[in-house]
Amino acid sequence: MEIRIEHLYKKYGGQEVLRDVSFKIPAGMYGLLGSNGAGKTSFMRILATISEPTAGAVTINDMDIRNKKEIRKIVGYLPQEFSVYPSMKVYAALDYLGILAELPKAVRRQRIDTVLKQVNLESEKNKKFKNLSGGMKRRFGIAQALLNEPEILIADEPTAGLDPEERIRFYNLFSELAKDRIILLSTHIAGDIEAACSRTAVLDHGKVMFEGSIAEMRRLSEGNVYLTEIKPGEINDLKKKYKVIHLQQNGPDILCRFLSDTIPAVTHVLCEPTVEDSYMYLLKQCGEGE
Ligand SMILES: Nc1ncnc2c1ncn2[C@@H]1O[C@H](COP(=O)(O)OP(=O)(O)OP(=O)(O)O)[C@@H](O)[C@H]1O
């Protein structure tokens, strides 16, 4: 099971939003990381056959994505904005989507029961869509994407707007589903990628800035991540000299995690980098390169 992307470009009018994107996505959970406008949605829509590349090639299990009909049989897609008729009940809405996907009645029944179990929405099946909580609506979105038993599930920022507990539940569901699938998900939360994915690609302004395993991603900023304890009045000074990743109140003082290419001029401890540190490190490099 593999998605192969080769020299992919996407242009909207004169704006190039994907630029020479090439990498492979193996089975398991794969995270696409990038800030707003990086090109994540444009990339995922191409893989889900909703939009077409301007140039380049994508194959899924050696099948060209231009075979839309065949590809759609093996790909499930959860777009960022997902909705159904608000007054439709959960079961009826899934049945309707199943009809659109041309699933025969008996298969539909069996699949709907299975996906409702998978996303833990069985007891909600007679509720109207509009009466579901935000997290339940997202779970419904996953259920509809799983209806045709896809080998590949593409989810665009599936956890945006969810509370931490619901986010954890979501990632548990994904890791369960990822055992025999490719799950490609996008987010701008580096910590989520670190916790859930085995590999990641970082997009910035349509270009791949990094592609590799989580361990490789962490290593990017090795030797550049420091911690220092400062007084609240010293924050601005530190920010002028270094890229601050985060600040945490520690009694009257502030614990500050920051990036530096050279040994810092303040009292410091060298830290083990996280995916978030490396993401900030990459963004800093991109910013400097512009
Ligand atoms: N249909 C479209 N027509 C014109 N420009 C578009 C279209 N879709 C996206 N864009 C532009 O392409 C660029 C990349 O957008 P995209 O939605 O792919 O990024 P993203 O990484 O998913 O961002 P976000 O996290 O905000 O969803 C942006 O500059 C956006 O304005």
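Residues numbered from 1 in each chain as written. Predicted model: local features only at pLDDT ≥ 70, side-chain atom pairs only at ≥ 80, totals over all residues. Heavy atoms only, no water.

An unreviewed UniProt entry annotates the chain as ABC transporter ATP-binding protein of Blautia caccae. Check the Sequence similarities (unreviewed entry) section of the UniProt entry for the chain; it says "Belongs to the ABC transporter superfamily." (UniProt positions renumbered as here; feature names shortened; annotations may be inferred.)

Novice: Go over the side chain of Arg139, please, and point to the residues and values.
Specialist: Structurally, Arg139 is set in helix H5 (residues 134-146). Exposure remark for Arg139: the relative accessible area of 8% places this residue in the buried category. (Helix = DSSP H or I, 4+ residues; strand = E, 2+ residues; numbered from the N terminus. Buried < 20%, exposed > 50% of the residue type's maximum accessible area, 1.4 Å probe, protein only.)

Novice: Describe the site of the ligand, with residues and values.
Specialist: Around the ligand, a shell composed of 13 residues is seen, among which Gly37, Gly39, Lys40, Thr41 and Ser42 lie nearest. Measuring from an oxygen atom of the ligand, one finds a side-chain N or O atom of Gln15 at 3.0 Å. Backbone polar atom of Gly37 to an oxygen atom of the ligand: 2.8 Å apart, as the coordinates give it. Protein chains shield 62% of the accessible area of the ligand, which is 630 Å² for the free molecule. Only strand S2 (15-26) and helix H1 (40-47) provide two or more residues apiece to the shell around the ligand. (Near = heavy atom within 4 Å. Polar contact = N/O pair within 3.5 Å; in protein donor to acceptor, adjacent residues only side chain to side chain. Areas by Shrake-Rupley, 256 points an atom, 1.4 Å probe, with all protein chains shown as cover.)

Novice: Describe the pairing of strand S11 (residues 225-230), with residues and values.
Specialist: In this sheet, strand S13 (residues 253-259) lies alongside S11 in antiparallel orientation, the contact comprising six bridges. Bridge assignment links Thr228 to a residue of S13, and that residue is Cys256. Inspection of the sheet shows S11 paired to strand S14 (residues 269-270) by two bridges, in the antiparallel sense. Residue pairing across strands places Tyr226 opposite Leu270, the latter belonging to S14. (Pairing = 2+ DSSP bridges.)

Novice: Before we move on, can you summarise the pattern of salt bridges with the specific residues and values?
Specialist: Enumeration over the complete set of coordinates arrives at 18 salt bridges. Arg139 serves as the salt-bridge partner of Glu166, at 3.0 Å between the closest nitrogen and oxygen. Of this pair, Glu166 sits in helix H6 (residues 164-177) while Arg139 sits in helix H5; the two residues are 27 residues apart in sequence, bridging distant segments of the chain. Note on accessibility: Glu166 and Arg139 belong to one class, buried. Of the charged contacts in the structure, one is a salt bridge between Glu211 and Arg199, with a shortest N-O distance of 3.2 Å. Pair noted here: Glu211 is in strand S10 (residues 207-213) and Arg199 is in strand S9 (residues 199-204), with a separation of twelve residues, a long-range link. Look at Glu211 and you get partly exposed, because its relative accessible area is 26%. (Salt bridge = Lys/Arg side-chain N within 4 Å of Asp/Glu carboxyl O.)

Novice: Give me the packing of aromatic side chains: which residues, what numbers.
Specialist: Applying the stated rule across the entire model yields eight aromatic pairs. Residues Tyr242 and Phe258 carry aromatic rings whose centres are separated by 4.8 Å and whose planes lie at 40 degrees to one another, so their mutual orientation is tilted. Here Phe258 lies in strand S13 and Tyr242 lies in the loop between helix H9 (235-241) and strand S12 (243-250), a separation of 16 residues in the sequence. Each residue in the set Phe23, Tyr30 and Phe43 is aromatic and connected to the rest through ring pairs, giving one cluster. For the cation-ring pair, Lys137 lies above Phe129, with the distance from its terminal atom to the ring centre recorded as 5.6 Å. (Phe/Tyr/Trp six-rings, centres within 6.5 Å; stacked < 30°, edge-to-face > 60°. Lys NZ or Arg CZ within 6 Å of the ring centre and 35° of its normal.)

Novice: Now, about the packing of helix H3 (residues 90-100) against H5: what can you tell me, with residues and values included?
Specialist: Running from N to C, H3 and H5 point in directions that differ by 30 degrees, and their axes come no closer than 10 Å. Handedness of the crossing formed by H3 with H5: right-handed. Along its contact with H3, which presents Val90, Ala93, Leu94 and Leu97, the element H5 presents Phe140, Ala143 and Gln144. Of the residues belonging to the contact of H3 with H5, the class tally is six nonpolar, one polar and no charged. (Axes fitted to C-alpha atoms, helices over the stretch in contact; angles between N-to-C directions. Left-handed = near helix turned anticlockwise from the far one by under 90°. Contact = heavy atoms within 4.5 Å. Nonpolar A, V, L, I, M, F, W, Y, C, P; charged D, E, K, R; others polar.)

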